[in-house]
Structures are given as structure tokens and as C-alpha cells.
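# Results of the structural survey
Spelled out, the chains give:
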Amino acid sequence: SAARQLYVEALGLNREQVEVVNSLAWISATDPDDALRDGAAAVVLAELACRKTQRQDPRFLDTLAAAYAESGSYDRAVETIEEAIRLLQDEGDVADAQRKQTYAWRKELYSLGYPFRTLLGLHVQLAGTYLEVGHGDLATTHLEAILGIDPENAGVLARLGTIRKSEGRIDE
């Protein structure tokens, strides 16, 4: 298969080349263009990048999680993004704190049964941010946008129900 060929060719990569492999895996897993996504190839490439870095680079684990989600393995995606979160420092590093938040949003997306795509990911991220700062009305707008893409998503429907109940609008 094409994925196996990519793996064989990539075995001898040095660290800089692993960055390129990770980038290719990211595109294969997350590009909004269906023609450019290939979940199986993304998994092979991302697993290679993680193996070459002994699973110690959270960015590569993030890519692997996205690849698993694109392939429909949402439980593995959640486990892998949690692994990436654990590798980030807990204190002092602003970039790590921001990345941790981004990964938490992606975890939420995967737990809802969605792969990461730019537009959908943005709605989940914004909904989470608005909920954190107490703006259920704005979070609701973004959750409803997700329902426009996937009207039967039980996780999103449950979150909307929770928001509406907390705001006394349970009858909607």
C-alpha cells in the first residue's frame, strides 16, 4: 500500500526530516479538502514520527491523535491527546499552557466523535471558551453551528441541554 511505502522510505529519517513527516501527517489528517485527507496514511506517518521521538514530542502526539480521529478511532485519539497534554509542563511556560488548552479543545472534539477540521474545530474551541467565561448564549451559538453540520450528535445536544437548563430555558 501507499502508506506502507511511505513508512519504509521514512525509516532512515533524521530529526529535521521527522518534522516534515509530521507535517505531511497533519495535512493528511486535518485538511478541510476531502481529496487531500487520507486517514490511513496519516496514522502511518504520525506513528513513525512519534516512534522516532520516543513519544516525547507533544506536537507529534497531537498529530497522531488527529490521524486516529480522521480514521474513526476516537477513543485512541482521546487517549493520545491526553498523553500529549501530560507531556506539557504544568507551570511557567505560556506556550505550553496555550497548547494545553488547544489540546483540551481537540480532546473535546474527539470525545464528541468528530475529527479535527478547521471550521468544526473552531466552533468547538469557541464554544468551550465561551462556556469557561460564563457566556452560555455565545457557546450555544457555536454548538448550534455544530448541529448544523451534524444534527444528531448526542454529545452536543446534551451540552446544549445543560446550558439551557442552567439558564432556565429547558423548554427550548
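Structure: above.
A brief look at the structure comes next. Small disclaimer: the values here were computed from a predicted structure and weren't measured.

Time to look at the overall build of the protein. Along its length, the protein carries nine helices and zero strands. The N-to-C order of helical and strand elements in the protein reads α-α-α-α-α-α-α-α-α. Looking at the protein as a whole, 41% of its 172 residues are labelled buried. On the protein, roughly 9200 Å² of surface is accessible, and the fraction owed to carbon and sulfur atoms is 53%.

Attention now moves to the pattern of salt bridges. The final tally for this structure, using the stated rule, is nine salt bridges. Glu82 is the salt-bridge partner of Lys107, the closest N and O atoms lying 2.8 Å from each other. Placement of the pair is Lys107 in helix H6 (residues 94-111) and Glu82 in helix H5 (residues 74-87), with a sequence separation of 25 residues. Taken together, the salt bridges that share partners define one network made up of Glu19, Asp57 and Arg59.

Of note in this structure, Gln54 is not a glycine but carries a positive phi near 50°. You will see that Arg55, though not glycine, has its phi angle at about 55°, which is positive. Along the polypeptide, Arg55 turns up in the loop between helix H3 (39-52) and helix H4 (58-70).

All right, on to the packing of aromatic side chains then. In this structure the tally under the stated criterion is one aromatic pair. Between Trp26 and Phe116, the ring centres sit 5.6 Å apart and the planes meet at 40°, which makes this aromatic pair tilted. Placement of the pair is Trp26 in helix H2 (residues 15-30) and Phe116 in the loop between H6 and helix H7 (118-132), with a sequence separation of 90 residues. Its end group placed over the ring of Phe116, Arg106 keeps NZ or CZ at 4.5 Å from the ring centre.

The end-to-end C-alpha separation of H5 is 20 Å, in line with the 20 Å expected for 14 residues at 1.5 Å each. By the burial criterion, the buried members of H5 are Ala77, Val78, Thr80, Ile81, Glu83, Ala84 and Ile85. As for H5, its buried residues are in contact with H4 and H6.

As a packed pair, H3 and H4 sit with axes 8 Å apart at the nearest point and diverge in direction by 155°. One finds that H3 runs roughly antiparallel with respect to H4. As H3 runs across H4, the sense of the crossing is left-handed. Here Gly39, Ala42, Val43, Ala46, Glu47, Ala49 and Cys50 of H3 lie close against H4, whose contacting residues are Phe60, Leu61, Thr63, Leu64, Ala67, Tyr68 and Glu70. Of the residues that constitute the contact of H3 with H4, the class distribution is ten nonpolar, two polar and two charged.

This brings us to the packing of H5 against H6. Two elements in contact, H5 and H6, have axes separated by 9 Å at closest approach and are oriented at 165°. Between H5 and H6, the crossing angle belongs to the class labelled roughly antiparallel. Where H5 crosses over H6, the two elements pack in a sense that is left-handed. Along the contact surface, H5 presents Tyr74, Ala77, Val78, Ile81, Glu82, Ala84 and Ile85, while H6 presents Lys100, Tyr103, Ala104, Lys107, Tyr110 and Ser111. Taken together, the residues that form the contact of H5 with H6 break down as nine nonpolar, one polar and three charged.

Judged by nonpolar contacts, the single largest core of 40 residues is most densely connected at Tyr110, Leu143 and Val156. The element that contributes the greatest number of residues to this core is H4, accounting for eight residues. In this structure Val156 touches Leu112, Tyr114, Leu143, Ile146 and Leu147, once residues within four positions along its chain are discounted.

Thresholds applied
Residues numbered from 1 in each chain as written. Predicted model: local features only at pLDDT ≥ 70, side-chain atom pairs only at ≥ 80, totals over all residues. Heavy atoms only, no water. Helix = DSSP H or I, 4+ residues; strand = E, 2+ residues; numbered from the N terminus. Buried < 20%, exposed > 50% of the residue type's maximum accessible area, 1.4 Å probe, protein only. Areas by Shrake-Rupley, 256 points an atom, 1.4 Å probe, with all protein chains shown as cover. Salt bridge = Lys/Arg side-chain N within 4 Å of Asp/Glu carboxyl O. Phe/Tyr/Trp six-rings, centres within 6.5 Å; stacked < 30°, edge-to-face > 60°. Lys NZ or Arg CZ within 6 Å of the ring centre and 35° of its normal. Expected span 1.5 Å × (residues − 1). Contact = heavy atoms within 4.5 Å. Axes fitted to C-alpha atoms, helices over the stretch in contact; angles between N-to-C directions. Parallel < 35°, antiparallel > 145°, perpendicular 65-115°, else oblique. Left-handed = near helix turned anticlockwise from the far one by under 90°. Nonpolar A, V, L, I, M, F, W, Y, C, P; charged D, E, K, R; others polar. Core = buried A, V, L, I, M, F, W, Y, C linked by side-chain atoms within 4.5 Å.

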